[in-house]
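Here are the chains, one letter per residue:
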Amino acid sequence: MAAAGPSCLLALVFLAVLLPGGAPLLQASQTWTLLKVQQLLGRPPALRHWRRTTDFCGGGGTVAPSASVVCYGDTVTQLHIAGDAGGAPPLPLNFSLGALVTTLSRLPDLKVLTLSGLGLWGPLPGKLERLAGLEIVNMSRNYLYGPIPRGLSRLQGLQTLILDDNMIGGEVPGWVGTALPALAVLSLRNNSLAGTVPESLGRAPSLRSLVLASNNLSGNLPDMRGLASLQVLDVGGNSLGPAFPRLGRKVASVVLSRNKFTGGLPAAELSSFYLLEHLDVSLNRFVGPFPPALLSLPSLQYLSIAGNRFTGALSDKVPCGDNLRLVDLSSNLLMGSVPACLRPGGKPATVVLSSENCLDRGDGSQHPSPFCQNQALAVGIVPRHNEKKKVSRHAGFIAGIVMAVLVAVSLVGAMAFFAVKKMTMEGAKTRPSATLMEDHTSTSSAYPSKLFADARYISQTVKLGALGIPPYRSFSLVELEAATNNFANSCLLGQDSYGEMYLGKLSNGASVTIRSLKVKRNQSSQSFNRHIETISRLRHRHLVSALGHCFEYDLDDSTVTQLYLVFEYVQNGNLRSRISHGTEGRKLTWGQRISAAIGVAKGIQFLHGGIIPGLFGNNLRISNILLDQNHVAKIGSYNIPILGEAAKSEGGAGSRHQTDRYIQGSSFRCLPSSGFDRHN
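Residues numbered from 1 in each chain as written. Predicted model: local features only at pLDDT ≥ 70, side-chain atom pairs only at ≥ 80, totals over all residues. Heavy atoms only, no water.

## Re the overall build of the protein chain
Worth spelling out the cut-off: Here a strand is any run of E in DSSP of at least two residues, a helix any run of H or I of at least four, and the numbering for each starts at the N terminus. To sort residues, take the accessible area from a 1.4 Å probe on protein chains only and compare it with the maximum for the residue type: under 20% means buried, over 50% means exposed, and anything in between is partly exposed. Residue contacts are counted whenever heavy atoms from the two residues lie within 4.5 Å of one another. Using a 1.4 Å probe, accessible areas were evaluated by the Shrake-Rupley method; residue-level cover was limited to the displayed protein chains.
Looking only at helices and strands, the protein chain features 16 helices and 33 strands. Taking all 680 residues of the protein chain together, 46% fall into the buried category. Long-range pairs, those at least 24 residues apart, make up 56% of the contacts in the protein chain with a sequence separation of at least 6. For the protein chain, the accessible surface area stands at approximately 33,400 Å², while carbon and sulfur atoms represent 56% of it.

Listed below in structure tokens is the structure:
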């Protein structure tokens, strides 16, 4: 035993000499590179323990989970540096992202790079292509801006690119799907990307996860049925749509919330997604029947359809998948009963949200059934038997309009015949009427194409449009104050309980009538948009036309305190005074009277059928027909909805006559010859 001792000792010494005594030391040049990175990053807390003597490859550079250095042999292959979860403020102004990338390029074998939440700022440099071996890049939670550089397309081995929570702008590059054949994960969440999603992403051969949520993307998504490996799609919080994306059957998570997708869900396609675990289509514009088959998908754990307009009656007998954990059906138009499998006794571990539907729950969280029925009609979901009734009613309505127009045209024709005959017998020369000139005019751009598409029965008279009328626009309060000498009493044409009316002169010399309207408090300009849109269409040769509007705001809460409506100023008297009460020199000739009658018919036709919805109940009187300097007849009193609603809010249900008088006494009759007559 004693003789064996020296031989054993020699063997141990021999092994100690031959075998390595630990991990190899990092190359000196790469140690210098890591310390330079530490300096460029401002010595963040996660790297304060780094020294020249640190054994980086032996684990000395690692402080989990903030910093980690992984080596292969004596070279760095992975570098992970992460700030706090809340991120870090931007690095000083002397920081250079380009210098940082140049320094990192001295690590030739680097394959994984994480620089997250460190306050990096500046455009993402194309110099990243110098790190040719990169496979995974994570630079999330920084202050990077500008477009994604073309240089990244040269990283042929890149598998994962994560740039979440930055300020990256521009468009998603078209080369992403073709120039990076190994790309499996692309995450660009919460940036400022705009434009459409490129079609090339639908041909990315290795793509497994695509996250583009919380950007400004729009348009339809590309066809992704060819992405055999795609498992995660998250594009929530954009303006994508309207078509539901075409996806492969292996997808496991689909998030489309907060977009502009419309129409119905592709029930047949979704029912074949047996691996689908997470589906969120909330807060879109989906309509139509909700497909109950979604509840029975075998892998589904999370389903949210909240905030859409899904319809249909749910049944107790609808089956549910075994893995469901949360189902959100709230804020739709569903009726019937919550399926038994979603009730507390059916699946105790499943959270079910179903408020603001029309379900039979009896807990006060639902709308009455007529609410969902009416809302379904509002979004165009109409039962077939109702469609037939609706068509018949419209047919009768249109037939009535056609008969009325034919009768009016016949009367006007008879009047024209007898008038021309009388003038011929008297030997008087007839001059061309203003209406003959209208036949050679073109349609005004003041009417949108949708108007004529919806009201195809509008005659050529309506299509002539607002001939010679200035474009409708929004006036500033400064303009109106200048036009009326700061609303001086000398410009006041009249007033009533609803406001005042002023004669104004614009900077271009045009005279206008400005009608002020008091409004109820706590109303913003958005609440008037529907009325302003209608008023902006009240522009026709034979109407006293609207020229614009102006809102006056409260400086404290930005609510509207006064609404001003600007109209033409017509100053040649009314038709009654020019027929029976005027002097002989001011009386209209028979030709002018016939032209006025035809003009009034055209104006009425426009009010009834030239805008949608039409304006009826206009209380037409001969004293409300005004004449301009060319003796063109203009209807000076018609029913503006915003004025009628204001009168009703003040006078109640019995104030219709008061409303008519108020409208007639408005800016349409601000004439020196007739004054502010509230009783005609």
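Now that the structure has been shown, we can carry on.
## Here we look at the sheet that holds strand β16 (residues 262-263)
Test applied: At least two bridges found by DSSP between two strands are what make those strands a pair.
Judged by pairing direction, the sheet is parallel, and its three strands sit side by side in the order β16-β18-β20 without closing on themselves. Either end of the sheet is taken by a strand with one partner, and the two such strands are β16 and β20 (309-311). Looking at chain direction, β16 and strand β18 (residues 285-289) are connected through two bridges and run parallel. Bridge pairing in β18 places G263 opposite F286.

## Quick look at the confidence of the model for the protein chain
Caution is warranted with low-pLDDT regions, since their predicted coordinates should not be read in detail. Note the threshold: Per-residue confidence from the predictor is reported as pLDDT, a score between 0 and 100.
In the predicted model, the protein chain carries a mean pLDDT of 77, and the fraction of residues at 70 or more is 73%. Segment residues 6-22: pLDDT under 50, and zero contacts once partners within four positions in sequence are set aside and those in other chains are kept. The low-confidence segment residues 420-465, where pLDDT is below 50, has 60 contacts with residues more than four positions distant or belonging to other chains.

## Focus: the pairing of β18
One ladder, built from three bridges, connects β18 with β20; its direction is parallel. Pairing of P289 across the sheet is with T311, part of β20.

## Re the pattern of salt bridges
Put simply, the test is: A pairing counts as a salt bridge when a side-chain nitrogen of Lys or Arg comes within 4 Å of a carboxyl oxygen of Asp or Glu.
In the structure shown here, the tally under the stated rule is seven salt bridges. Notably, a salt bridge pairs R189 with D234, separated by 3.2 Å at the nearest N-O pair. Residue R189 is found in the loop between β9 (185-187) and β10 (194-195), and its partner D234 is found in strand β13 (residues 232-234); the two are separated by 45 residues along the sequence. The class of D234 is buried, set by a relative accessible area of 11%. Across the salt bridge formed by K634 and E568, the nearest N and O atoms sit 3.6 Å from each other. Taken together, the positions of K634 in strand β33 (residues 633-635) and E568 in strand β31 (residues 560-568) put the pair 66 residues apart, joining distant regions of the chain. With a relative accessible area of 17%, E568 lands in the buried category.

## Let's talk about the pairing of strand β28 (residues 499-505)
Along β28, five of the seven residues are buried, which leaves the element largely enclosed by surrounding structure. Bridging between strand β27 (residues 492-496) and β28 involves four bridges; their strand directions are antiparallel. Residue pairing across strands places Q495 opposite E500, the latter belonging to β28. Bridge count for β28 against strand β29 (residues 511-518) is five bridges, and the pairing is antiparallel. Bridging from a neighbouring strand, G504 pairs with V512 of β29. The loop that links β28 with its antiparallel partner β29 comprises five residues; one of these, G509, has a positive phi angle of about 90°.

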